[in-house]
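Inside the fold
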2 protein chains.
Amino acid sequence: MSDTRTNAGVDNFSTTRKMFNFSVPGERAITLMTAGNLATTQALISLLRERCETSEDRKSGILSQPTMFQVASLVGDTLKELITSRGPSSGTFSASVIVGGQIKGGPPTIFMIYPEGNFIELTDDAPFLQIGETKYGKPILVRAFDDDMSYEDVLKLLLVSFASTVKSNLSVGLPFDVQIYENDTFTTDRAARIEADDPVFCTISDRWGDALKSALNSLPGYKF
Amino acid sequence: MSDTRTNAGVDNFSTTRKMFNFSVPGERAITLMTAGNLATTQALISLLRERCETSEDRKSGILSQPTMFQVASLVGDTLKELITSRGPSSGTFSASVIVGGQIKGGPPTIFMIYPEGNFIELTDDAPFLQIGETKYGKPILVRAFDDDMSYEDVLKLLLVSFASTVKSNLSVGLPFDVQIYENDTFTTDRAARIEADDPVFCTISDRWGDALKSALNSLPGYKF
C-alpha cells in the first residue's frame, strides 16, 4: 500500500502515484513503491521504463532480468546512479524503494532498496517493510501483524497504520494505492485505489479512535 | 513523563535522568524535561542550577524569575547560548526542552522550547507536548487523549504511548520518570520512577498487543 501525497513544503503539495507495475502476464509480476525526492523517483521510474522499451537497452531492463534479486540489483544501481549524479548535496535528492513480485521459476519476494543502491529482503523474522514516513504507523504493525491474517484483515491493519500517520503528519495523505499479489499468478491485476471518501476506510478511521479508547479501558490504570 | 535512555550509537547506550525539578515549596514548582544531545542538556541543567546557587547570578536564576514566561525565556536563552557556542556544526549539539509548572500569583502552564531558544505554550487546542523521539507515540495520544481523563488514565495512556515507542526504537528505554503537578500545590513531591519490571507497566505493555488485536477485530475488513 502506498499513499499519494507529495510536497515541497506545506504550501506546495500535490497528489502523485508512488506505486508502479512492470509485468508480463503469466511470466512476471513486479511492483515498485517509491519514497523520497519526487524528481529522483520520477526519473527512476522513467529510466526503468525506457530501458524496457528501447531496443538496445531492453536486455538491461526489468522485464529481461532472470530473477527478483537481479531486478532489485538493477533498481538499486539505477537509484544510486540518479542520486549521486546530483553531486555533493545528493542527500537532498535521496529516495528509497520497495520492490516486490515474482518471476517464473523463482519464489515471490520483496526487497527494500536504500539510496546507496544496496538492499535487504523480507524475512520471516521481519515480516513487513516500510519506507518514507514510517514511524507513526509502525507500532500497530509491530503489535498486531500476524502471519496467518486474512488479506482483508491485513488491508484493514494497513489502513489503520496509514490512518494513524495521516492524523499526525501532513506529508502523508489519501488516496492510497493497494496491490495484492497472489503467489504463482504472475499478474498485477488485483489492485485498487482507496479514495478519501471510501465508505469502508471512513468507517475504519472513524471507529478506530473509539476502539482504541475501549482497548485502553480494558487495561489497569497506573496509580502512585 | 520522560524515559532515561541515552546513546551515542547502538553500541554505546546508558541510563540517564532527563527530568529535573526547580522548586521552592509553597512558592513555585517547576519541572524541566530534556531531549537531544546529552552534553548540551547536562550543561543546560548544570548552568541553570549554578545560577540559582551562586550569589551574583541568583537574580538571573530560575528560582528568581517572576513568571513561568520569564522562566521559559531564561531556559530558551541559555539553551540557544549553549548550542550556538558549539560553532557552525551546532546542529549536532541540538536539544529541546519542555518546562512546566506554576509560580505563586500565576497560572500553571507548560512550554516547549526549541533549540533556537524560542518556545510555544500548551493550549486547549493542542493539549499535549512531546520532544525527542515523538512519532511512534503520537497517534495514540492524538486518538485517545481526552481533557476529562483521570490522572490514572492519563498515566496509562502515557505508558502505552512510551511502550509503543520502546517496542519500535532502541533510542527510548525504561525506566521512566513521572511528575504529576496538582494546580496550586507548589510542590514537586508527587513523582515516581517506573522500572522495567514494574508489574503494572508489564501488565499494560503485555496486554496492549491483545487489546489492539481485539480493537482491530471490532472493525470491518477491507475487500476488493
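Cut-offs used in this document
- Residues numbered from 1 in each chain as written.
- Chains lettered and ligands numbered in written order.
- Predicted model: local features only at pLDDT ≥ 70, side-chain atom pairs only at ≥ 80, totals over all residues.
- Helix = DSSP H or I, 4+ residues; strand = E, 2+ residues; numbered from the N terminus.
- Rg over C-alpha atoms; globule rule 2.2 N^0.38 Å.
- Buried ≥ 20, exposed ≤ 12 C-beta atoms within 10 Å, placed from the backbone.
- Contact = placed C-beta atoms within 7 Å.
- Pairing = 2+ DSSP bridges.
- Axes fitted to C-alpha atoms, helices over the stretch in contact; angles between N-to-C directions.
- Nonpolar A, V, L, I, M, F, W, Y, C, P; charged D, E, K, R; others polar.
- Expected span 1.5 Å × (residues − 1).
- Arc of directions from axis to C-beta.
- Least-squares fit on C-alpha atoms with pLDDT ≥ 70 in both.
- pLDDT = per-residue confidence, 0-100.
- Parallel < 35°, antiparallel > 145°, perpendicular 65-115°, else oblique.
- Left-handed = near helix turned anticlockwise from the far one by under 90°.

Examining the overall build of chain A
Scanning chain A for helices and strands turns up five helices and nine strands. Tracing chain A from N to C terminus, the helices and strands come up as β-β-β-β-α-α-β-β-β-α-α-β-β-α. By the compact-globule yardstick of 17 Å for 224 residues, chain A fits well, its C-alpha radius of gyration being 19 Å. Seen through its C-alpha atoms, chain A measures out along the principal axes to roughly 70 × 40 × 35 Å. Split into buried and exposed, the 224 residues of chain A put 36% on the buried side. When contacts within chain A are restricted to residue pairs at least 6 apart in sequence, those whose partners lie at least 24 apart make up 57%.

Quick look at the sheet that holds strand 7 (residues 119-121) of chain B
Within a sheet, each strand pairs with its neighbour through backbone hydrogen bonds, oriented either parallel or antiparallel. All names here are of chain B. Reading across from one edge, 3-4-5-6-7 is the order of the five strands in this open sheet, with antiparallel pairing throughout. Unpaired on one side and paired on the other, strand 3 (19-24) and strand 7 mark the two borders of the sheet. For this sheet, the mean angle separating the axes of adjacent strands, direction not counted, is 20 degrees. Each of strand 3, strand 4 (28-36) and strand 5 (95-103) is contacted by helix 1 (residues 38-53), which is oriented at about 155 degrees to strand 4, the strand it contacts most. Sheet strands in contact with helix 2 (residues 68-84) are strand 4, strand 5, strand 6 (109-113) and strand 7, and its direction is about 160 degrees off that of strand 5.

Details of the interface of chain B and chain A
Taken together, the contacts link 38 residues of chain B with 38 residues of chain A. The biggest single contributor to the side of chain B that touches chain A is helix 5 (residues 199-217) of chain B, with twelve residues. Tallied by class, the residues present in the side of chain B that touches chain A amount to 21 nonpolar, seven polar and ten charged.

A look at helix 2 of chain B
Counting along an α-helix, one turn takes 3.6 residues, and residues three or four places apart therefore face a common direction. Residues and elements named next belong to chain B. For helix 2, spanning 17 residues, the distance from its first C-alpha to its last is 24 Å, which sits close to the expected 24 Å at 1.5 Å a residue. Residues of helix 2 that are buried include every one of Met68, Val71, Ala72, Val75, Gly76, Thr78, Leu79, Leu82 and Ile83, and no others. Along the long axis of helix 2, the arc covered by the buried residues comes to 165 degrees, so they all point the same way. Its buried side turned inward, helix 2 meets strand 4, helix 1, strand 5, strand 6 and strand 7.

Brief notes about the relation of the copies chain B and chain A
Under the fitted operation, chain B is carried onto chain A by 0.0 Å of movement along the axis and a turn of 180 degrees, and the coordinates agree to an RMSD of 0.0 Å. Here the transformation between the copies is reduced to the relation of a two-fold axis. Looking at the rotation axis and the C-alpha trace of chain B, the residue lying nearest is B:Tyr136, at 2.3 Å.

A look at the environment of A:Gly100
Residues and elements named next belong to chain A. Tracing the chain through its elements places Gly100 in strand 5 (residues 95-103). Linking Gly100 and Thr203, residues 103 residues apart in sequence, is a C-alpha distance of 30 Å. Sequence-distant contacts of Gly100, defined by excluding residues within four places in its chain, comprise Thr31, Thr109, Ile110 and Tyr181.

Considering helix 1 of chain B
All names here are of chain B. Helix length check: helix 1, at 16 residues, gives a terminal C-alpha distance of 22 Å against a target of 22 Å (1.5 Å per residue), a fit within 8%. Burial in helix 1 covers these residues: Thr40, Thr41, Leu44 and Leu48. The buried residues of helix 1 all sit within an arc of 95 degrees when viewed along its axis, so they share a single face. Opposite the buried face of helix 1, at more than 90 degrees from it, the exposed residues are Ser46, Glu50 and Glu53.

A look at the pairing of strand 4 of chain B
Residues and elements named next belong to chain B. The element strand 4 is largely enclosed, with a buried count of eight among its nine residues. Hairpin connection, strand 3 to strand 4: the antiparallel pair is bridged by three residues, and Gly26 has positive phi, about 85 degrees. Summarising the sheet, strand 4 and strand 5 pair through nine bridges and their orientation is antiparallel. Paired with Thr31 across the bridge in strand 5 is Gly100.

Some points on unusual backbone geometry
A cis amide bond links A:Leu174 to the next residue, A:Pro175, at an omega of -5 degrees. Along the chain, A:Pro175 falls in the loop between helix 4 (151-168) and strand 8 (176-179). Notably, B:Phe186 is not glycine yet its phi reads approximately 50 degrees, a positive angle. Position of B:Phe186 relative to the elements: it lies in the loop between strand 8 (176-179) and strand 9 (191-194).

A closer look at the sheet that holds strand 5 of chain A
Residues and elements named next belong to chain A. Strand order in this open sheet of five strands is 3-4-5-6-7, and the pairing throughout is antiparallel. Bordering the open sheet on either side are strand 3 (19-24) and strand 7 (119-121), each of which pairs with just one other strand. Adjacent strand axes in the sheet meet at a mean angle of 20 degrees when their direction is disregarded. With respect to the sheet, helix 1 (residues 38-53) is in contact with strand 3, strand 4 (28-36) and strand 5, its orientation differing from that of strand 4 by roughly 155 degrees. Here helix 2 (residues 68-84) sits on the sheet in contact with strand 4, strand 5, strand 6 (109-113) and strand 7, set at roughly 160 degrees to strand 5.

Section: the confidence of the model for chain A
Of all residues in chain A, 100% have pLDDT values of 70 or greater, and the mean over the chain is 95. The ipTM value of the predicted complex is 0.93, and its pTM value is 0.94.

Things to note about the pairing of strand 4 of chain A
Relative to strand 4 of chain A, strand 3 of chain A runs antiparallel, the two being bridged by six bridges. The residue bridging A:Ser23 from the neighbouring strand is A:Ala29, located in strand 4 of chain A.

Observations regarding the packing of helix 1 of chain A against helix 2 of chain A
Residues and elements named next belong to chain A. Two elements in contact, helix 1 and helix 2, have axes whose closest approach is 10 Å; the angle formed by their N-to-C orientations is 130 degrees. The angle between helix 1 and helix 2 places the two elements in the oblique class. The handedness of the crossing between helix 1 and helix 2 comes out as right-handed. Only Val75, Thr78, Leu79, Leu82 and Ile83 of helix 2 make contact with helix 1, whose side of the interface consists of Thr40, Ala43, Leu44, Leu47 and Leu48.

Focus: the environment of B:Ala95
Residues and elements named next belong to chain B. Mapped onto the elements, Ala95 comes out in strand 5. Judged by the 23 C-beta atoms lying within 10 Å of it, Ala95 falls in the buried class. Expressed as a C-alpha distance, the spacing of Ala95 and Leu38, which sit 57 residues apart in the sequence, is 8.1 Å. If we skip the residues at most four places from it in the chain, Ala95 touches Thr34, Ala35, Gly36, Asn37, Thr40, Thr41, Leu44, Leu79, Ile83 and Pro115.

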